[in-house]
Amino acid sequence: MEESSTKRVFLGWEKPLLAESVNWLIQHYQEGFEKLVIGVPGGRAGWQVRELFATSEARTLIPPKVVTAGRIPEEVINFDIPPASPFLQSIAWKRALEGISPESLRSLTISENSDDGVGIAFVNEIFGLYRELGGEGYWFSSLGEHLPQDIPAKERFRWQALAEAEQKKDHFLTQMGFCDPQNTRQHLIESDAINTDLDIVLIGVPDANDVLRTLIDKIPDKVTILIGAPETLSETFDRYGRPSIDHWVQRKSEVSIDDWWIAEDPTHQAELTIQTIAQLGREYPAEKISIGVPDHSVTPYIQRKLEQYGITGRDAAGTPISKAKPTLLLDAVASYISSKSFSSYAWLLRHPDIQRLLPRKDSAINDLDEYFKRHFPVRFTGKLQTHPKERGEHLIANYQKIEGLLGELTAVQKKSITDWIAELKTFFSNVYGESTLVPQIHETDRVLVETFEQFKAVFEKCSRLPNKALPRMSAVEAISYILQELSSVNIPPVAPKESVPSIELLGWLELALDEAPVLIVTGMNNEIVPSK
């Protein structure tokens with residue numbers, strides 16, 4: 001098919017692109033959205049599109065499927081073999097790296113391989129590199145032909161070692177009845193194993209990766225690209241909807257130098273943000289203002305400053321599940337049971353959900369700090385050195401309580417992932433089982449309930465895997481795999497209350513599709529914009 005058959009639609013930039021896109025889709029899909037897949041740049045844009053459809057006049061009971069652009073290939077490819085989950089792929093990479101020759105493994109890491117196998121952090125690093133290359137259509141096994149001729153022999157051997165591990169990873173997944181979605185989707189696209197009954201519409205996607213571009217080239221007549229720019233600028237976008245860098249870097253900004261303010265630190269940025277809002281007066285209420293926060297570490301400062309003026313700073317990205325209390329608790333548990341160091345024990349004891357269960361909770365931290373000042377212990381096993389009797393009894397009581405809560409998680413033997421999930425459920429029950437949660441009223445309770453829903457989904461997914469093919473692992477490894485499976489999950493923010501002024505706090509990549517007429521951007525620092 002000719003390249004020109006891919007349809008590009010320019011919706012202008014006078015009105016919000018997402019709203020205009022939904023209106024366009026309603027007009028052009030009046031018979032229904034059952035065979036429509038919509039690709040958007042990020043998760044927030046997906047929430048907005050779903051909300052726009054839900055509140056629109058579209059006469060259909062079945063809304064379209066809305067996913068991030070990177071997920072489009074998986075939605076339209078006909079997989080003959082079920083794709084492996086990220087958890088199973090991590091297991092496969094661990095088995096593969098432990099299965100390559102010792103010489104190959106030594107070429108990839110400066111640390112020695114322990115009796116327990118390669119570490120989770122190392123596995124994740126290799127897996128992440130593989131996915132990054134896969135997004136652009138490259139694999140460890142295919143890089144040999146692309147390497148420079150004068151590359152050092154040692155460096156070439158490292159890529160050959162990675163190719164060896166990739167082959168073993170594929171063999172492991174095949175034995176288990178799964179495929180690697182990273183490389184399988186590329187092969188299936190090239191062999192036309194595509195569901196051509198579905199239409200694909202991309203909304204404001206500025207940078208389609210190689211896999212998505214290959215898919216578009218295969219079925220151009222099934223793809224429509226909606227672009228937030230006027231038709232007069234059509235020559236400044238390529239056939240995939242990507243802006244031409246040569247044109248846009250030469251285009252002058254309409255932002256005056258007077259609109260740039262210099263801030264010394266995050267606190268100063270928050271103060272300048274409030275000053276800017278105050279200068280707007282009543283012409284722009286809170287719901288018509290958005291605050292861009294490219295550096296997410298600045299978000300708490302802005303939220304606290306807004307709160308002082310009775311305004312809710314609503315983090316549009318939601319709460320990363322890695323910051324939720326149960327996730328932080330598991331991370332602390334893994335650190336403690338892997339080292340039994342005094343510092344990891346202190347970290348675990350200081351977790352609020354552990355501290356409230358301690359028999360001597362009122363003095364727990366002071367007792368521990370005083371013991372550290374006297375003895376500087378490296379490890380903490382409950383066997384105390386010389387210490388005042390009363391404080392020693394407090395320390396021992398708290399230690400025994402924590403060990404009791406952990407239960408079999410402290411066991412040194414390796415078990416199946418299913419066995420460890422059962423122990424984790426028991427642990428969570430011990431810690432949270434008697435809590436009374438009111439998620440409709442308290443935001444912390446809502447985040448907690450949502451977090452446990454995510455844990456439940458991962459537990460169920462892991463329990464469906466065939467145990468016989470999975471390696472037996474330590475509790476620390478099991479926790480690491482589960483936390484990795486959850487690492488990209490965000491708990492969506494609660495809907496703002498009508499009675500309380502609310503301002504959205506947005507990440508850098510969310511700003512282009514934001515609909516607010518006023519935008520205040522903070523943290524325009526080098527290595528943040530652009531990111532390093």
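Everything that follows concerns the structure shown earlier in this document.
The model shown is predicted, which means the values in this text are computed figures rather than measured ones.

Caption draft 1: Main features of the overall build of the chain. From N to C terminus, the chain includes 20 helices and eleven strands. Here the chain has a C-alpha radius of gyration of 27 Å; the compact-globule value for 532 residues is 24 Å, and the two agree. In the chain, which comprises 532 residues, the share counted as buried stands at 45%. Taken as two groups, the 56 positive and 75 negative side-chain charges of the chain have centres that lie 7 Å from each other.

Caption draft 2: Inspection of the sheet that holds strand β11 (residues 518-521) at higher detail. Read from one edge of the open sheet, four strands run β7-β10-β6-β11, paired in parallel fashion. Every other strand in the sheet has two partners, leaving β7 (312-315) and β11 as the edge strands with one partner each. Neighbouring strand axes in the sheet, compared pairwise and without regard to direction, differ in orientation by 30° on average.

Caption draft 3: Fine view of helix α18 (residues 417-432). Spanning 16 residues, α18 covers 22 Å between terminal C-alpha atoms, matching the ideal 22 Å at 1.5 Å per step. Within α18, burial applies to Ile417, Trp420, Ile421, Glu423, Leu424, Phe427, Phe428, Val431 and Tyr432. Taken down its axis, α18 places every buried residue within 160° of arc, on the same side.

Caption draft 4: Here's a closer look at the layout of surface pockets. Considering only enclosed or pocket space, the second largest pocket measures out at about 1200 Å³ in volume. Glu443, Thr444, Arg446, Val447 and Val494 are, among the 41 residues lining the second largest pocket, the residues nearest its centre. Those elements giving two or more residues to the lining of the second largest pocket turn out to be α12 (299-308), β7, β8 (319-320), α13 (325-339) and α19 (443-463). For the lining of the second largest pocket, the element with the most residues is α19, which contributes seven residues.

Caption draft 5: A look at the packing of aromatic side chains. Here the structure, examined in full by the defined rule, presents 18 aromatic pairs. An angle of 50° between the planes, with centres 6.0 Å apart, marks the rings of Tyr345 and Tyr399 as tilted. One end of the pair, Tyr345, is in helix α14 (residues 342-350); the other, Tyr399, is in helix α17 (residues 389-406), and 54 residues separate them in sequence. Its relative accessible area of 12% is what places Tyr399 among the buried residues. Following the ring pairs from residue to residue traces out a cluster consisting of Phe427, Phe428, Tyr432, Phe452, Phe455 and Phe459. Taking NZ or CZ as reference, Arg131 lies 4.2 Å from the ring centre of Phe127, over its face.

Caption draft 6: Expanded view of the sheet that holds strand β3 (residues 65-68). The strand order across the open sheet built from five strands is β1-β5-β4-β2-β3, with neighbouring strands paired in parallel fashion. Two strands close off the open sheet at either side, each with one partner strand: β1 (7-10) and β3. Each strand of the sheet is rotated relative to its neighbour by a mean of 25°, with strand direction disregarded. Judged from the four bridges that link them, strand β2 (residues 36-40) and β3 form a sheet pairing that is parallel. Bridging across to β3, Val40 finds its partner in Thr68. Helix-sheet contacts for helix α2 (residues 43-54) involve β2, β3 and β4 (199-203), and the interaxial angle to β2 is about 135°.

Caption draft 7: Seen up close, the side chain of Glu510. Within the secondary structure, Glu510 sits in the loop between β10 (502-506) and β11. Despite being buried, Glu510 has no salt bridge partner; Arg44 is the closest side chain of opposite charge, sitting 5.2 Å away. Among all residues touching Glu510, those that are not within four sequence positions of it are Arg44, Ala316 and Ala317.

Caption draft 8: Focus on the packing of helix α8 (residues 181-190) against helix α9 (residues 210-218). Running from N to C, α8 and α9 cross one another at 15°; their axes reach a closest spacing of 10 Å. Viewed along their axes, α8 and α9 adopt a mutual orientation that is roughly parallel. Every pair of crossing elements has a handedness; the one defined by α8 and α9 is left-handed. Touching Arg185, Gln186, Ile189 and Glu190 of α8 are Asp210, Val211, Thr214, Leu215 and Lys218, all from α9.

Caption draft 9: Molecular detail of the pairing of β4. Across the five residues that make up β4, a large majority, four, are buried. Across four bridges, the pairing between β2 and β4 is parallel. Residue pairing across strands places Val37 opposite Ile200, the latter belonging to β4. Alignment of β4 against strand β5 (residues 223-227), held across four bridges, turns out to be parallel.

Caption draft 10: Expanded view of the environment of Asp315. Mapped onto the elements of the fold, Asp315 is located in strand β7. In sequence terms Asp315 and Phe87 are 228 residues apart; their C-alpha atoms lie 28 Å from each other. Beyond its immediate chain neighbours, meaning those up to four positions away, Asp315 contacts His296, Thr299, Gln303, Pro493 and Leu505.

Caption draft 11: Looking closely at the packing of helix α1 (residues 17-28) against α2. Closest axis-to-axis distance for the α1/α2 pair is 10 Å, and the angle between their directions is 50°. When the axis of α1 is compared with that of α2, the two are oblique. With respect to the hand of their crossing, α1 and α2 are arranged in right-handed fashion. Two secondary-structure elements touch here, α1 through Leu18, Ala19, Val22, Leu25 and Ile26 and α2 through Ala45, Gln48, Val49, Leu52 and Phe53. Per-class residue counts for the contact of α1 with α2 are nine nonpolar, one polar and no charged.

Caption draft 12: Seen up close, the pattern of salt bridges. All told, the structure shown has 22 salt bridges when counted by the stated rule. Note that Glu136 is salt-bridged to Arg213, the shortest N-O span being 3.8 Å. Linking Glu136 in the loop between α6 (120-135) and α7 (153-175) with Arg213 in helix α9, this pair joins segments that are 77 residues apart in sequence. Here Glu136 falls in the partly exposed class, since its relative accessible area comes to 37%.

Conventions we followed
Residues numbered from 1 in each chain as written. Predicted model: local features only at pLDDT ≥ 70, side-chain atom pairs only at ≥ 80, totals over all residues. Heavy atoms only, no water. Helix = DSSP H or I, 4+ residues; strand = E, 2+ residues; numbered from the N terminus. Rg over C-alpha atoms; globule rule 2.2 N^0.38 Å. Buried < 20%, exposed > 50% of the residue type's maximum accessible area, 1.4 Å probe, protein only. Lys, Arg positive; Asp, Glu negative; His and termini not counted. Charge placed at Lys NZ, Arg CZ, Asp CG, Glu CD. Pairing = 2+ DSSP bridges. Axes fitted to C-alpha atoms, helices over the stretch in contact; angles between N-to-C directions. Expected span 1.5 Å × (residues − 1). Arc of directions from axis to C-beta. 1 Å grid on protein atoms, 1.4 Å probe; cavity = no way out; pocket = protein on both sides within 12 Å on 5 of 7 lines; lining within 4 Å. Points joined across faces, edges and corners; volume = space filled by probe spheres on them. Phe/Tyr/Trp six-rings, centres within 6.5 Å; stacked < 30°, edge-to-face > 60°. Lys NZ or Arg CZ within 6 Å of the ring centre and 35° of its normal. Contact = heavy atoms within 4.5 Å. Salt bridge = Lys/Arg side-chain N within 4 Å of Asp/Glu carboxyl O. Parallel < 35°, antiparallel > 145°, perpendicular 65-115°, else oblique. Left-handed = near helix turned anticlockwise from the far one by under 90°. Nonpolar A, V, L, I, M, F, W, Y, C, P; charged D, E, K, R; others polar.

In short, the description is geometric, and any link to function would need to be established separately.
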